[in-house]
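Single-letter residue listing:
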Amino acid sequence: MASDVPSSPIIRPFLPGDLDRLLQINNAAVPNVNGLTAEELLDLINGALICLVAEIDGVPAGSLLCLGDGLDYDSRNYRWLSERVSHFAYTDRISVDADRRGRQIGDALYAALFRKFAGTGRSFICEVNERPPNPGSLRFHNRLGFEEIGRADHGDKAVVYLKRAPEPQSGIAS
């Protein structure tokens, strides 16, 4: 008998077969994230601390791409944060399939990230668009314990920079 309860996401590291689906999810989320080519996304993944994938029923439903400090990454937001924070895990992008939103996929991705870097002393940082506005992402990150550490107006976009303290060795309960 089929269950009406939606499947919970399985969180795992990126696999090469995920690229096309993650690219579709990423580019469907523009302007909340910037659009990428397959090559650009693969370059980011290859340079990442980790790229986590949320899989539901065998299909990628979202991802969180996290970069470390010290990279030569041509991003004005990464540069701004790098000038102010050291030893960090930077969420360059988190995106969830529009048809799968509301199922705590973002929570599961971040819980896995926090566990992965528990006890390392790394702060968790990111930015959220104010223009174009992304109030849902701001509420989401605030609920997860991120706090504002600055703002920037880049003309075409304005962002809020956020930081969450390092996770203790024990990690968080999920």
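Residues numbered from 1 in each chain as written. Predicted model: local features only at pLDDT ≥ 70, side-chain atom pairs only at ≥ 80, totals over all residues. Heavy atoms only, no water.

**Some thoughts on the packing of helix α4 (residues 105–116) against helix α5 (residues 135–143)**
So, step 1. Running from amino to carboxyl end, α4 crosses α5 at an angle of 45°, the nearest separation of the two axes being 11 Å. As far as their axial angle goes, α5 and α4 are oblique. Viewed along their axes, α4 and α5 form a crossing whose handedness is right-handed. Contacts between α4 and α5 involve Gly 106, Asp 107 and Tyr 110 from the former and Phe 140, His 141 and Arg 143 from the latter.
So, step 2. For the contact of α4 with α5, the residue count by class is two nonpolar, two polar and two charged. (Axes fitted to C-alpha atoms, helices over the stretch in contact; angles between N-to-C directions. Helix = DSSP H or I, 4+ residues; strand = E, 2+ residues; numbered from the N terminus. Parallel < 35°, antiparallel > 145°, perpendicular 65-115°, else oblique. Left-handed = near helix turned anticlockwise from the far one by under 90°. Contact = heavy atoms within 4.5 Å. Nonpolar A, V, L, I, M, F, W, Y, C, P; charged D, E, K, R; others polar.)

**Overview of the environment of Leu 44**
So, step 1. Inspection of the secondary structure puts Leu 44 in helix α2 (residues 38–47).
So, step 2. Along the sequence, Leu 44 and Tyr 73 sit 29 residues apart, while their C-alpha atoms lie 9.0 Å from each other.
So, step 3. Residue contacts for Leu 44: discarding those within four places in its chain leaves Leu 36, Leu 65, Leu 67, Tyr 73, Asp 92 and Arg 93.

**Observations concerning α4**
So, step 1. Taking 1.5 Å as the rise per residue, α4 with twelve residues should run 16 Å; its terminal C-alpha atoms sit 17 Å apart, in good agreement.
So, step 2. By the criterion of burial, α4 is predominantly enclosed, with ten of the twelve residues buried.
So, step 3. Within α4, burial applies to Ile 105, Gly 106, Asp 107, Ala 108, Leu 109, Tyr 110, Ala 111, Ala 112, Leu 113 and Phe 114. (Expected span 1.5 Å × (residues − 1). Buried < 20%, exposed > 50% of the residue type's maximum accessible area, 1.4 Å probe, protein only.)

**Overview of the pattern of salt bridges**
So, step 1. On inspection of all chains with the given rule, the structure shows 13 salt bridges.
So, step 2. One salt bridge connects Asp 97 with Arg 21, and the closest N-O pair in it is separated by 2.3 Å. A residue pair is termed long-range when its members are at least 10 positions apart, and Asp 97 in the loop between β4 (88–96) and α4 and Arg 21 in helix α1 (residues 19–28) qualify at 76 residues.
So, step 3. Here the residues in one salt-bridge network are Arg 12, Asp 18 and Glu 55, joined through shared partners. (Salt bridge = Lys/Arg side-chain N within 4 Å of Asp/Glu carboxyl O.)

**Points about the sheet that holds strand β1 (residues 10–13)**
So, step 1. What the seven strands build is an open sheet, ordered β1-β2-β3-β4-β5-β7-β6; its pairing is mixed. In the strand order of this sheet, the two ends are held by β1 and β6 (147–153), each with one partner. Recorded for the sheet is a direction-independent mean angle of 25° between the axes of neighbouring strands.
So, step 2. Alignment of β6 against strand β7 (residues 158–164), held across six bridges, turns out to be antiparallel. Looking across to β7, one finds that Glu 147 is bridged to Lys 163. (Pairing = 2+ DSSP bridges.)

**Side note on the packing of aromatic side chains**
So, step 1. One pass over the full model with this rule turns up nine aromatic pairs.
So, step 2. Taking the centre distance of 6.3 Å and the plane angle of 40° together, the rings of Phe 114 and Phe 146 count as tilted. Of this pair, Phe 114 sits in helix α4 while Phe 146 is found in the loop between α5 and β6, placing the two residues 32 residues apart along the sequence.
So, step 3. The class for Phe 114 is buried, based on a relative accessible area of 1%.
So, step 4. Taken together, the ring pairs in this structure connect Tyr 110, Phe 114, Phe 124, Phe 140 and Phe 146 into an aromatic cluster.
So, step 5. Sitting over the ring of Trp 80, Arg 84 keeps its end group 3.9 Å from the ring centre. (Phe/Tyr/Trp six-rings, centres within 6.5 Å; stacked < 30°, edge-to-face > 60°. Lys NZ or Arg CZ within 6 Å of the ring centre and 35° of its normal.)

**Thoughts on the pairing of β7**
So, step 1. With six of its seven residues buried, β7 lies for the most part within the structure.
So, step 2. With seven bridges connecting them, strand β5 (residues 123–131) and β7 associate as antiparallel partners. By the bridge assignment for β7, Ile 125 is matched with Lys 163.
So, step 3. The antiparallel hairpin formed by β6 and β7 contains four residues in its connecting segment, where Gly 155 sits at a positive phi of about 90°.

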